[in-house]
Amino acid sequence: MRRIYIVALLALMCVAAKAQDSAAVPKVIKTPAGYTSQIDVVYTKVNGWDGRMDLYLAPKDKAPSPVVINIHGGGWNKGRKEDQSGWNAFFKKGYAVANVEYRLSQAAPAPAAIEDVRCALIYIVEHAKELNVDANKIVIMGGSAGAHLALMGGLLENDHKFDTNCKTTKTIKVAAIIDQYGIADVSDWAYGPHKTSKSAIQWLGDRAKEKGFAESVSPITYVKKSSPPTFIVHGDADPVVPYEQSVILYKKYQDMGVKSQFVTVAGGQHGKFTPEKKTELNAQIMEFLKSVGVHQ
């Protein structure tokens, strides 16, 4: 009996080890000929933590390329850049890609993740020449909590309240934001009348009950007439981030007269769209970016 128990335990340990190894293996990003990769580039250092991003750069023998900054989701408490992929549509149009990691709420609560994303954006602006990217053609994109961070990164523009770790004299202005089922009002996601989330309360940390603080880290607070063009997509059956988050955000854009497009995925869950719908959305995103002059 003891021998059977030991064998079973060893088998379980092997399965667990394989699962752990599988989780640790990053996705292989295939880039077009002439592209170069820079993995784990440190864009900021904070209290012993290195903020890293992976860069996939277009050929340097061509004119400076547009660049998309990608930010992973996960409720600000999970996820990693290594799990991200799916940028072929951008590569085909000659974009560079910057795939960014940031501090999760377990390491540092709000506004740390915003500070990190702003630092990543500022790094791209500051190093645009050596990376051969066009600082006037930066797109910032994410899904879920990553979309919230993309919105914050882009909507803040030259408001430097969260830029203490990476001060700059450069003009910070993105060409467009891609918001995929993101959080527009953090307080609403924490305490609102729709679906709520403990992730929001965890991320807000000790200041979770401060409405003013929640507003200061909510994208809807920063939408103004000069805001970057924004593409919004959200499934109307999303069980995680309420569809209403995108409805109120789009209304704010419309009230401010900012160029924006809102695509509702009928019956769509939290990013779990059909392959056909994803292909359609990619085409719509690229058409939107073309319409605002990011690419031809």
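Everything below is about the structure shown above.
Residues numbered from 1 in each chain as written. Predicted model: local features only at pLDDT ≥ 70, side-chain atom pairs only at ≥ 80, totals over all residues. Heavy atoms only, no water.

1. Examining the sheet that holds strand β7 (residues 230-235)
In a beta sheet, neighbouring strands pair by backbone hydrogen bonds and run either parallel or antiparallel. Quick note on the threshold: When DSSP locates at least two bridges between a pair of strands, those strands are taken to pair. Secondary structure is summarised from DSSP: a helix means a run of H or I of at least four residues, a strand means a run of E of at least two, and numbering begins at the N terminus for each. To get an axis, fit a line to the C-alpha atoms, keeping to the stretch in contact for a helix; angles then go from 0 to 180 degrees between the N-to-C directions. In what follows, residue pairs with any heavy atoms lying within 4.5 Å of each other are defined as contacts.
The strand order β1-β2-β4-β3-β5-β6-β7-β8 describes an open sheet built from eight strands, whose pairing is mixed. Looking at which strands have only one partner, the edges of the open sheet turn out to be β1 (36-46) and β8 (260-265). Between one strand axis and the next, the sheet turns through 15° on average, direction left out of account. Contacting β3 (65-71), β5 (133-143), β6 (176-180) and β7, helix α5 (residues 145-155) crosses the sheet at an angle of about 150° to β5. Sheet strands touched by helix α10 (residues 275-291): β5, β6, β7 and β8. Its angle to β8, the strand with the most contacts, is close to 175°.

2. Side note on the side chain of His 295
Which entries qualify depends on this criterion: The classification of residues rests on relative accessible area computed with a 1.4 Å probe and restricted to protein chains. Under 20% of the type maximum is buried, over 50% is exposed, and intermediate values are partly exposed. N or O atoms within 3.5 Å of each other form a polar contact, as long as, within protein, one can give a hydrogen and the other can take it, and as long as residues adjacent in sequence are counted only when both atoms are side-chain atoms.
Its location among the elements puts His 295 in the segment after α10. Look at His 295 and you get buried, because its relative accessible area is 6%. There is a polar contact of 2.8 Å between the side chain of His 295 and the side chain of Tyr 95. Looking at His 295, its side chain comes within polar contact range of the main-chain oxygen of Met 286, at 3.2 Å. Residues in contact with His 295, not counting those within four places in the same chain, are Lys 93, Tyr 95, Met 286, Leu 289 and Lys 290.

3. What to know about the pairing of strand β4 (residues 96-100)
With five of five residues buried, β4 lies mostly within the body of the structure. Of the two faces of β4, the one carrying Ala 96, Ala 98 and Val 100 and the one carrying Val 97 and Asn 99 are both buried. The pairing of strand β2 (residues 49-57) with β4 spans four bridges and is antiparallel. Bridge pairing links Leu 55 to Ala 98 in β4.

4. Regarding unusual backbone geometry
In the segment running from Ala 110 into Pro 111, the intervening peptide bond is cis, with an omega of 5°. Mapped onto the secondary structure, Pro 111 falls in the loop between β4 and α3 (112-126). One non-glycine residue, Asn 132, lies in positive phi territory at about 60°. Positioned with a positive phi, Tyr 181 is a non-glycine residue whose angle comes to about 45°.

5. What to know about the packing of α3 against α5
As a reminder, the rule being used: Angles are sorted into four bins: roughly parallel if under 35 degrees, roughly antiparallel if over 145, roughly perpendicular if 65 to 115, and oblique for all others. For any helix crossing, the convention is left-handed if the near helix is rotated counterclockwise from the far helix by under a right angle, and right-handed if that rotation is clockwise. Note that Gly is not counted as nonpolar here; it falls among the polar residues with everything else outside the nonpolar set of Ala, Val, Leu, Ile, Met, Phe, Trp, Tyr, Cys and Pro and the charged set of Asp, Glu, Lys and Arg.
Viewed as axis vectors pointing N to C, α3 and α5 meet at an angle of 60°, and their least axial separation amounts to 9 Å. Taken together, α3 and α5 sit at an angle that is classed as oblique. For the pair α3 and α5, the sense of crossing is right-handed. Taken together, the residues of α5 that come into contact with α3 (itself represented by Ala 113, Ile 114, Val 117, Arg 118 and Leu 121) are His 148, Leu 149, Met 152 and Gly 153. When its residues are assigned to classes, the contact of α3 with α5 shows six nonpolar, two polar and one charged.

6. Brief notes about the layout of surface pockets
This is how it is decided: Only protein atoms enter the 1 Å grid used here, on which a cavity is any set of points holding a 1.4 Å probe that cannot leave and a pocket is any open set flanked by protein within 12 Å on both sides along at least five of seven lines; residues with an atom within 4 Å of a point are listed as lining. Grid points are joined across faces, edges and corners, and a volume is the space filled by probe spheres set on the points.
Here the largest pocket defines a volume of roughly 750 Å³. Among the elements of the structure, β3, α2 (88-92), β5 and α10 are those that each provide at least two residues to the lining of the largest pocket. Among the residues making up the lining of the largest pocket, the classes are represented as 10 nonpolar, 15 polar and three charged. In this model, the second largest pocket occupies a volume close to 230 Å³. In terms of lining, the second largest pocket is formed by 17 residues, of which the most central are Ala 63, Ser 65, Pro 66, Lys 93 and Gly 94. Secondary structure elements with two or more residues in the lining of the second largest pocket: β3 and β5. Split by residue class, the lining of the second largest pocket holds nine nonpolar, four polar and four charged.

7. Topic: the environment of Cys 166
Summarising the element assignment, Cys 166 is placed in the loop between α5 and β6. Given the relative accessible area of 12%, Cys 166 is considered buried. Between the alpha carbons of Cys 166 and Lys 27 there is a distance of 29 Å; along the sequence they are 139 residues apart. Those residues in contact with Cys 166 that lie beyond four places of it in its chain are Glu 115, Arg 118, Cys 119 and Ile 122.

8. Examining the side chain of Ser 260
Of note, Ser 260 is situated in strand β8. The class for Ser 260 is buried, based on a relative accessible area of 14%. Of note is the side chain of Ser 260, whose polar atom sits 3.0 Å from the side chain of Gln 254. With residues near it in sequence (within four places) discarded, Ser 260 still touches Thr 230, Tyr 250, Tyr 253, Gln 254 and Phe 288.

Limitation: the analysis is restricted to geometry and does not speak to function.
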